[in-house]
Amino acid sequence: MKQKESMSVQKLTKMALCVALCCVSAYISIPLPFTPAMITALTLSMNLTAFLLTPKETLIVLLAYTLLGCIGLTVFVGGTSGFGKVFGPTGGFILAFIVAYPVVSWLKGKGNSFLRYVLAAVFAGIPITYIGGLTSMMLVLNVGLWEAMVMAVFPFIPGDVLKAAAAAFLGVKLNKAFGSSAR
């Protein structure tokens, strides 16, 4: 009979810290005058979460983060919360996080590779997140694809690539310190 895998205290602690980091980093945000989306440290934290945890653990962290915001804790970008935020112009980003970062965690592989981490974040995490944000902007604001790209994608590409690289650097260092590659 196969014994069921349980989560250790260390894994649960890492997951709880990642939830807290996501909640706090959402407050580090800069509004832009031409879009409801903001520049935020949240994407750095979500990438870091994906690099430190398994895909299943990453999914649990992002579901917990989203649930906290939905029930009214002000953990979404800019200190907001509620279902109105999830179904508002930037809600697609929130919903896309739940898909994007477990995929990044899965694509990072078993090793502890800076390049692989960056590639997973840039070529999977960023596009999936942008698709969510584009979709909600287009539907809620009733704008076309080009206008949504100007509001939800173009201004954020350079910063998101830099945040992916910073998270990859931190992820490699922390995985070495923890003695794991998070798989």
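Below is a short write-up of the structure. (Residues numbered from 1 in each chain as written. Predicted model: local features only at pLDDT ≥ 70, side-chain atom pairs only at ≥ 80, totals over all residues. Heavy atoms only, no water.)

1. Structural notes on helix H3 (residues 55-70)
Note the cut-off: Note on conventions: DSSP H or I runs of at least 4 residues are helices, E runs of at least 2 residues are strands, and numbering of each starts at the N terminus. What a helix should span is 1.5 Å times the count of its residues minus one. In this scheme, a residue with accessible area under 20% of its type's maximum is buried, one over 50% is exposed, and one in between is partly exposed, where area comes from a 1.4 Å probe on protein chains only. Only heavy atoms enter the contact rule, under which two residues are in contact if any of them lie within 4.5 Å.
When the terminal C-alpha atoms of H3 are compared, their 22 Å separation across 16 residues agrees well with the 22 Å that a helix rising 1.5 Å per residue should span. Every buried residue of H3 is accounted for by Pro55, Glu57, Thr58, Val61, Leu62, Tyr65, Thr66, Gly69 and Cys70. For H3, the elements touching its buried residues are helix H1 (9-25), helix H2 (42-52), helix H4 (83-86) and helix H5 (91-107). Once H3 ends, the next one or two residues include glycine 72, with phi positive near 115 degrees.

2. Observations concerning the packing of aromatic side chains
Each aromatic ring pair is specified by the distance between its two centres and by the angle formed by the two planes. Here is the rule we go by: Centre distance within 6.5 Å is the pairing criterion for rings of Phe, Tyr and Trp, where only the six-membered ring of Trp is used; planes under 30 degrees apart are then read as stacked, over 60 as edge-to-face, and the remainder as tilted.
Within the structure shown, the criterion is met by 4 aromatic pairs. Between phenylalanine 51 and tyrosine 117, the ring centres sit 4.6 Å apart and the planes meet at 10 degrees, which makes this aromatic pair stacked. A residue pair is termed long-range when its members are at least 10 positions apart, and phenylalanine 51 in helix H2 and tyrosine 117 in helix H6 (residues 114-141) qualify at 66 residues. Neither residue differs from the other here; phenylalanine 51 and tyrosine 117 are each classed as buried. Here phenylalanine 97 and tyrosine 101 contribute two aromatic rings whose centre-to-centre distance is 5.9 Å and whose plane-to-plane angle is 50 degrees, an arrangement assigned as tilted. With phenylalanine 97 and tyrosine 101 both in helix H5, this residue pair falls 4 residues apart, about one helical turn. Take phenylalanine 97: its relative accessible area is 6%, and that puts it in the buried class.

3. Some remarks on the side chain of threonine 40
Note the cut-off: Distance and chemistry together define a polar contact, namely a pair of N or O atoms within 3.5 Å, with one atom able to donate a hydrogen and the other to accept it when in protein, and with adjacent residues in sequence counting only for side-chain atoms on both sides.
Mapped onto the elements, threonine 40 comes out in strand S2 (residues 38-40). Within polar-contact distance, the side chain of threonine 40 engages the backbone oxygen of isoleucine 28 at 3.3 Å. Look past the residues within four positions of threonine 40 in its chain and what remains in contact with it is Ser25, Ala26, Ile28, Ser29, Val77 and Lys163.

4. As for the pattern of salt bridges
In plain terms, the rule: The working definition used for a salt bridge is a side-chain nitrogen of Lys or Arg within 4 Å of a carboxyl oxygen of Asp or Glu.
Enumeration over the complete set of coordinates arrives at 2 salt bridges. Note that glutamate 57 and lysine 11 form a salt bridge whose closest N and O atoms lie 3.9 Å from each other. Taken together, the residues glutamate 57 in helix H3 and lysine 11 in helix H1 connect sequence positions 46 residues apart.

5. A closer look at the nonpolar core
Note the cut-off: Residues belong to one nonpolar core when they are buried, are Ala, Val, Leu, Ile, Met, Phe, Trp, Tyr or Cys, and are joined through side-chain atoms within 4.5 Å.
In terms of nonpolar packing, the biggest core is built from 49 residues, with Leu42, Met46, Tyr65 and Tyr101 touching the most fellow members. Contributions of two or more residues to this core are made by H1, H2, H3, H5, H6, helix H7 (145-152) and helix H8 (157-178). Not counting residues up to four positions away in its chain, the partners in contact with tyrosine 101 are Thr43, Met46, Asn47, Ala50, Thr58, Leu62, Gly125 and Thr129.

6. Brief notes about the environment of glycine 133
Within the secondary structure, glycine 133 is located in helix H6. Looking at glycine 133, the relative accessible area reads 0%, which means it is buried. In this structure the C-alpha to C-alpha distance between glycine 133 and valine 118, which are 15 residues apart in sequence, comes to 21 Å. Those residues in contact with glycine 133, other than ones at most four positions away along the chain, are Pro89, Gly92, Phe93 and Ala152.

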